[in-house]
Amino acid sequence: MQVEIKIDSSCTEPKVIILTDSVTEDVNNIVKKLSEDVPQVISGSKDEKIEVIEEAQLIRVYANAGKIFAVTKKGEYILRLRLYEIEKRLNPYQFVRISNSEIINLKQV
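Starting from 1, residues in each chain are numbered consecutively following that chain's sequence as written. Only residues with pLDDT of at least 70 get local features here, since the model is predicted, and only at 80 or more are side-chain atom pairs given and counted; chain-wide, interface and lining totals rely on the full set of residues. Side-chain calculation: all heavy atoms of the structure are included, whereas hydrogens and water are not.

Trainee: Would you explain the sheet that holds strand β5 (residues 75-79) in this entry?
Mentor: Two pairing modes exist for strands in a sheet, parallel and antiparallel, and in both the strands are linked by backbone hydrogen bonds. Here the rule is simple: two strands pair whenever DSSP picks up at least two bridges between them. A helix here means a DSSP run of H or I that spans at least four residues, while a strand means a run of E at least two residues long, and both kinds are numbered starting from the N terminus. Taken in spatial order, the seven strands line up as β2-β1-β5-β4-β3-β7-β6 in an open sheet, and their pairing is antiparallel. In this open sheet, the two strands that pair with only one neighbour each are β2 (49-53) and β6 (95-99). Each strand of the sheet is rotated relative to its neighbour by a mean of 35°, with strand direction disregarded. Alignment of strand β1 (residues 42-46) against β2, held across five bridges, turns out to be antiparallel. Paired with Gly44 across the strands is Glu51, a residue of β2. Angular values range over 0 to 180 degrees, each being the angle between N-to-C directions of two axes fitted as lines to C-alpha atoms, with helices fitted over their stretch in contact.

Structure, rendered in structure tokens:
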């Protein structure tokens, strides 16, 4: 595979062109990777430490007593974000809001 980058000052947005003789699995994988949105980081505090929480590790996120909590197999974390902000960062095909105060991971149910 060859990779070529051209710098053009008139270009306002990056553009990717794939030249190939046929659409292969590798080409499909490249297109899929380029099309994916980069997930935003979710961090939480537990035992006075701040840790990055991987989206796949989340079981549920809920609000209680004015605070937002994230539950993983490693334990429960306090988040600084609001529930609607977390909902925007999570994959909508994997996470669903089941009430005003809770989001669950469908793959963990």
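Trainee: Please clarify how the packing of aromatic side chains should be interpreted in this entry.
Mentor: Two descriptors summarise a pair of aromatic rings, namely the distance from one centre to the other and the angle between the planes of the rings. Aromatic contacts are taken between Phe, Tyr and Trp rings whose centres are within 6.5 Å, Trp giving its six-membered ring; a plane angle under 30 degrees counts as stacked, one over 60 as edge-to-face, and the others as tilted. What the rule picks out here adds up to one aromatic pair. Note that Arg60 overlies the ring of Tyr62, its terminal NZ or CZ placed 4.1 Å from the centroid. Our definition puts a charge over a ring when NZ of Lys or CZ of Arg is within 6 Å of the ring centre and also within 35 degrees of the ring normal.

Trainee: Looking at this model, I keep getting lost on the pattern of salt bridges. Mind explaining?
Mentor: What makes a salt bridge here is a side-chain nitrogen of Lys or Arg within 4 Å of a carboxyl oxygen of Asp or Glu, nothing more. Scanning the entire structure with this criterion turns up three salt bridges. Measuring nitrogen to oxygen at the nearest pair gives 3.7 Å for the salt bridge that ties Glu4 to Lys6. When accessible area is computed with a 1.4 Å probe and restricted to protein chains, residues below 20% of their type maximum are described as buried, those above 50% as exposed, and intermediate ones as partly exposed. Residue classification places Glu4 among the exposed positions, given a relative accessible area of 63%. Salt-bridge contacts for Glu87 lead to Arg97; the nearest nitrogen and oxygen are separated by 2.9 Å. Pair noted here: Glu87 is in helix α2 (residues 83-89) and Arg97 is in strand β6, with a separation of ten residues, a long-range link. Overall, Glu87 belongs to the partly exposed group, its relative accessible area being 34%. Residue Arg97 is classed as partly exposed on the basis of its relative accessible area, which comes to 31%.

Trainee: Would you mind going over the side chain of Thr72 with me for this structure?
Mentor: Considering the arrangement of structural elements, one finds Thr72 in strand β4 (residues 67-72). For the purposes of these results, a polar contact is taken to be a pair of N or O atoms within 3.5 Å, where, inside protein, one atom must be able to donate a hydrogen and its partner to accept one; residues adjacent in sequence count only when each atom of the pair is a side-chain atom. Here the side chain of Thr72 touches Lys74 through a polar contact of 3.1 Å, landing on its backbone nitrogen. The contact rule is simple, with two residues in contact once any of their heavy atoms fall within 4.5 Å. Apart from residues lying up to four places away in sequence, Thr72 is in contact with Ile53, Gln57, Leu58, Ile59 and Tyr77.

Trainee: How should the layout of surface pockets be read in this particular structure?
Mentor: Summary: where empty space remains is shown by rolling a probe the size of a single water molecule over the atoms. Definitions used throughout: a 1 Å grid over protein atoms alone; a cavity as a set of points that fits a 1.4 Å probe which cannot get out; a pocket as an open set with protein on both sides within 12 Å along at least five of seven lines; a lining residue as one with an atom within 4 Å of a point. Grid points are joined across faces, edges and corners, and a volume is the space filled by probe spheres set on the points. Approximately 960 Å³ is the volume found for the largest pocket. Class assignment of the residues belonging to the lining of the largest pocket gives a composition of 13 nonpolar, three polar and five charged. Note on residue categories: nonpolar means Ala, Val, Leu, Ile, Met, Phe, Trp, Tyr, Cys or Pro, charged means Asp, Glu, Lys or Arg, and polar means any other residue, Gly included.

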